[in-house]
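An overview of the molecular structure
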Amino acid sequence: MRSFVFNGQPSRVVFGAGSLAHLEREVQHLGAKRALVLCTPEQLPLAEVIAQRLGAHAAGIYPKAVMHVPVETANAAIEEAKRMNADCALAVGGGSTTGLGKAIALQSGLPILAIPTTYAGSEMTPIWGMTENGLKKTGRDPRVLPRTVIYDPELTVSLPAGLTITSGMNAIAHAAEGLYAQDSNPVMDLMAEEGIRALASALPKLRANPADIDARGDALYGAWLCGSVLGNVGMALHHKLCHTLGGTLNLPHAEAHTVVLPHAIAFNAAAAPQAMQKISRALQGAPAALGLYHLAKDNGAPTALRDLGMTAADVDRVAQIAIQNPYWNPRPIVPEALPALRELLQRAWEGAPPVE
Ligand code: NAD
């Protein structure tokens, strides 16, 4: 008998190839009349298509989203939303753009309509993040959970091949850690296993043909499930390490997740055997940590932190940071764990296979 608490989170999900066709209906459903469209500079053409379709229901475009939501960018976007009298933040893009929408929602309470174009999963979480003076602060607030999410696999066909694999591995990381979360529950376990299965089957097909729309659909479906897990249960060592690698060393988000994941899973394997079984089942019987390593490597993703710009000296620094204020983890992160943690990071730095 398993005891648990399950907290349903109120968000409306519209999924399907071509579902951008429902944009006007969904904006109306939110009761919005002046949506501010947010995007990165690279995705301005897509944002323009969306603003044009909304016509008078678009307040304007703010095309300045960047990674990790610098507080200056957030403040400027909040001012722009006020100036344009916006009543909705429409975030089209990856986690960086959704993150900017969350910064606006946190301050103003405006509803977010998210149209994700990567597999990062931020659209399914009430977690916000902002960076000030090189330090990334994060928090949870129900106001930043997007009210409506339109998942249209057609918008992900343009995702570059490399980012397709690393962003997919980033999503898998949410589900893998969700499987051994302290506050996990049976619903999230089902979603996590199914999310890993869907992504693990889609990624090799997308490596072979990035325009395979069925595989794009499977990957985005997996990303939805994995993002939901991230939004519902706590994360552990893997996310702590990646938070440090991104926040302190500024390593690229999805790539850092991809490299670290097999090693973090190996580190926790003996302490979380049921989670390992489920990951293995989702990987068609491959051993959990090694299966994830090969899913990334065989599909051309980076496997070494040194190739992402981390120096040998940073190995000790990151291990020290991870051991201070650790997240809860199935294998306790106590001072005696420092050598094993250092070894984990050393292997990830070199690109060696994970060792349980
Ligand atoms: P991203 O949003 O930074 O996007 C990376 C690049 O890919 C950008 O240049 C973007 O314009 C481009 N891009 C996105 N979709 C594209 C597409 N379909 N076609 C072509 N180019 C496309 O990357 P990300 O990995 O999605 O997000 C990373 C950020 O999100 C990090 O800051 C991370 O901390 C945050 N995040 C937050 C949460 C949360 O719950 N708060 C969850 C996951 C990630």
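What counts as what
- Residues numbered from 1 in each chain as written.
- Predicted model: local features only at pLDDT ≥ 70, side-chain atom pairs only at ≥ 80, totals over all residues.
- Heavy atoms only, no water.
- Helix = DSSP H or I, 4+ residues; strand = E, 2+ residues; numbered from the N terminus.
- Rg over C-alpha atoms; globule rule 2.2 N^0.38 Å.
- Buried < 20%, exposed > 50% of the residue type's maximum accessible area, 1.4 Å probe, protein only.
- Contact = heavy atoms within 4.5 Å.
- Areas by Shrake-Rupley, 256 points an atom, 1.4 Å probe, with all protein chains shown as cover.
- Lys, Arg positive; Asp, Glu negative; His and termini not counted.
- Charge placed at Lys NZ, Arg CZ, Asp CG, Glu CD.
- Expected span 1.5 Å × (residues − 1).
- Polar contact = N/O pair within 3.5 Å; in protein donor to acceptor, adjacent residues only side chain to side chain.
- Pairing = 2+ DSSP bridges.
- Axes fitted to C-alpha atoms, helices over the stretch in contact; angles between N-to-C directions.
- Salt bridge = Lys/Arg side-chain N within 4 Å of Asp/Glu carboxyl O.
- Phe/Tyr/Trp six-rings, centres within 6.5 Å; stacked < 30°, edge-to-face > 60°.

Examining the overall build of the protein
Looking only at helices and strands, the protein features 13 helices and eight strands. The C-alpha radius of gyration of the protein comes to 20 Å, within 12% of the 21 Å expected for a compact globule of 356 residues. Principal-axis analysis of the C-alpha atoms places the extent of the protein at approximately 60 × 45 × 45 Å. Within the protein, the proportion of its 356 residues that are buried is 58%. For the protein, restricting intrachain contacts to residue pairs at least 6 apart in sequence, the fraction spanning at least 24 positions comes to 76%. When the accessible surface of the protein is split by element, carbon and sulfur atoms take 54% of a total near 14,500 Å². Averaged over its 28 positive side-chain charges, the protein has a centre that lies 3 Å from the centre of its 30 negative ones.

What about the environment of Gly-246?
Along the chain, Gly-246 turns up in helix H8 (residues 237–247). For the pair formed by Gly-246 and His-257, sequence separation is 11 residues and the distance between their alpha carbons is 9.4 Å. For Gly-246, the residues in contact, after removing those within four places along its chain, are His-68 and Leu-251.

Some words on helix H6 (residues 186–208)
With 23 residues, H6 extends 34 Å between its outermost C-alpha atoms, agreeing within 8% with the 33 Å of an ideal straight helix rising 1.5 Å per residue. Taking the backbone nitrogen of Val-187 as reference, a side-chain oxygen 3.1 Å away marks Asn-185 as the first, capping residue of H6.

Let's talk about the sheet that holds strand E2 (residues 35–38)
The sheet built from six strands is open, its strands ordered E1-E8-E5-E4-E2-E3 with parallel pairing. Only two strands of the sheet have a single neighbouring strand rather than two, namely strand E1 (12–15) and strand E3 (58–62). The mean angle between the axes of side-by-side strands here comes to 15°, regardless of whether they run parallel or antiparallel. Where strand E4 (residues 88–93) and strand E5 (residues 112–116) come together, five bridges link them in parallel fashion. Looking at E5, one finds that Ala-91 is bridged to Ala-114. Strands E2 and E3 of the sheet are contacted by helix H3 (residues 71–83), whose axis makes an angle of about 160° with E3. Of the strands in this sheet, E1 and strand E8 (148–151) touch helix H7 (residues 213–232), which is tilted by about 170° from E1.

Considering the pattern of salt bridges
Counted under the stated rule, the structure contains 13 salt bridges. Salt-bridge contacts for Arg-2 lead to Asp-189; the nearest nitrogen and oxygen are separated by 2.9 Å. Within this pair, whereas Arg-2 is found in the segment before E1, its partner Asp-189 is found in helix H6, the two being separated by 187 residues in sequence. Exposure remark for Arg-2: the relative accessible area of 38% places this residue in the partly exposed category. Among the residues examined, Asp-189 registers a relative accessible area of 6% and is labelled buried. In this structure, the salt-bridge partner of Glu-26 is Arg-25, at a minimum N-O distance of 2.9 Å. We classify Arg-25 as partly exposed; its relative accessible area is 42%. One salt-bridge network, in which partners are shared between bridges, spans Arg-2, Asp-189 and Lys-278.

Points about the packing of aromatic side chains
According to the stated counting rule, one finds two aromatic pairs in the structure shown. Aromatic pair Phe-15 and Tyr-151: ring centres 5.8 Å apart, planes at 45°, arrangement tilted. Of this pair, Phe-15 sits in strand E1 while Tyr-151 sits in strand E8, and the two are 136 residues apart along the sequence. By relative accessible area, which is 37% here, Phe-15 ends up partly exposed.

Focus on the pairing of strand E6 (residues 127–132)
As judged from the six bridges shared by E6 and strand E7 (residues 135–140), these two strands associate in the antiparallel manner. The residue of E7 that forms the bridge with Glu-132 is Leu-135. The antiparallel pairing of E6 with E7 creates a hairpin that spans two residues between the two strands, and Asn-133 there sits at a positive phi of about 50°.

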